Amino acid sequence: MKLSLDLPTFAARMEETGWVVFEAAVPADLVERMRAELEEAWDICRAIQVKNGVASDADRTVHHLVGLKPSFLEYVDASEPLEPYLEHYFQGRCILNSLGGAINTRGHTSYAQRIHRDIRSYSGDMPLLLNTLVMLDDFTPENGATYLMSGSHKRAEKPDDDAFYAVAERAVGPAGSILVFNSNVWHAGGNNTTDRVRRSVTPMYCKPFIKQQFDYPRAVGYDRGPELSAYTRQIVGYNARVPATLDEWYQPPERRMYKGDQG
Ligand SMILES: O=C(O)CCC(=O)C(=O)O
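The following paragraphs examine the structure supplied in this document. One numbering rule holds for all chains: residues counted from 1, following each sequence as written. For a predicted model such as this one, the threshold for reporting local features is a pLDDT of at least 70, and the threshold for listing and counting side-chain atom pairs is 80 or more; totals across whole chains, interfaces and linings nevertheless cover every residue.

### Overview of the sheet that holds strand β6 (residues 169-170)
- Should DSSP find at least two bridges between two strands, the strands are regarded as paired. The secondary structure listing takes helices from DSSP runs of H or I that are at least 4 residues long and strands from runs of E that are at least 2 residues long, numbered from the N terminus. Strand order in the open sheet made by the three strands is β6-β5-β8, with antiparallel pairing throughout. Two strands in the sheet have a free side with no partner beyond their single neighbour: β6 and β8 (187-188).
- Pairing of strand β5 (residues 147-148) with β6, which is carried by two bridges, proceeds in the antiparallel orientation. What sits directly across from L148, in β6, is E169.

### Description of the nonpolar core
- Any set of buried Ala, Val, Leu, Ile, Met, Phe, Trp, Tyr and Cys residues joined through C-beta atoms within 7 Å is what this text calls a nonpolar core. Backbone-placed C-beta atoms define the burial measure: a residue is buried with 20 or more other C-beta atoms within 10 Å of its own, exposed with 12 or fewer, and partly exposed in between. In this structure, V66 and L96 are the most contacted members of the largest nonpolar core, which totals 63 residues.
- Contact between two residues is assigned when their C-beta atoms, built from the backbone, lie within 7 Å. Not counting the four nearest positions on each side in its chain, L96 is found in contact with V66, V76, P203, Y205, Q212, Y216, I235, V236 and G237.

### Focus: the pairing of strand β4 (residues 129-135)
- Taken across its seven residues, β4 has six buried, putting it largely inside the fold.
- As paired elements, β4 and strand β9 (residues 198-206) share five bridges and run antiparallel to each other. Each bridged residue has a counterpart across the sheet, and for L129 the counterpart in β9 is C206.
- Relative to strand β7 (residues 178-182), β4 is paired through five bridges, and the arrangement is antiparallel. Within β7, the residue paired with T132 across the bridge is V180.

### Overview of the packing of helix α1 (residues 7-16) against helix α4 (residues 83-90)
- Only C-alpha atoms enter the line fits that serve as axes; for helices the fit covers just the stretch in contact. Angles between N-to-C directions range over 0 to 180 degrees. Across the interface, α1 lies against α4 with an axial gap of 10 Å and an inter-helix angle of 40°. Between α1 and α4, the angle is such that the two are oblique. Handedness of the crossing formed by α1 with α4: right-handed. Between α1 and α4, the contacting residues are L7, F10, A11 and M14 on the first element and P84, Y85, H88 and Y89 on the second.
- All residues other than Ala, Val, Leu, Ile, Met, Phe, Trp, Tyr, Cys, Pro, Asp, Glu, Lys and Arg, Gly among them, are scored as polar; the first ten of these are nonpolar and the last four charged. For the contact of α1 with α4, the residue count by class is seven nonpolar, one polar and no charged. Oblique is the label for any angle not under 35 degrees, not over 145, and not in the 65 to 115 range, which are roughly parallel, roughly antiparallel and roughly perpendicular in turn. Left-handed describes a crossing whose near helix is turned anticlockwise from the far helix by less than a right angle; the clockwise case is right-handed.

Written out as structure tokens, the structure is:
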């Protein structure tokens, strides 16, 4: 993975506008595998949504892809060059908070197309959560490139629709680009007015003391931790687990489930 912005540029833009796009960062063959597995994941998620009575006719949104299909863990692994950028943002370590995705099509809308932010409590200068979005297709104004209100990470209140759309900018880029934004930034997915799908996955990162939306280490398998790179082990959350027995709790520092360096 090759990142198109250096750390000082990233830091300045994240401070000023709250978002950046790393253009064409993800290798094309990995993007291709993620596209194919996103469709497979949709079939799996949909079957469970229907079984449990929570299926809606929204655009095809999928959830918790790490542990479900291999390319998404491969993405986490390949994204190690993001580490200094993540550490800069969080002023320390972080873990995966969630990794879902969407297949946006013409004529359908999903919850992500409302003006929103993904952190329910405005966190101001405290970096609790970071959004990223990997473009699996080219993102254009026509197929619904994400709208972002630059600088809105500095205000707690939600803008009304007119104020938002009057100034919102679009995150466009070729497939394989990664949009990164402060989770306090107000944003909205756009409408896809083309005949082709617009696919994305959305890895979100948080401080290690925040609860993950899904137990990713358990989904991948506790026994697989040692075979992962140190970076992937950290991001998946192996260093920030919750003990469930006293035997897991009473351990020397190197074997603890929540390690001492997680903040
Ligand atoms: O699909 C998009 O363009 C926006 C995604 C989004 O709003 C989100 O991940 O919170």
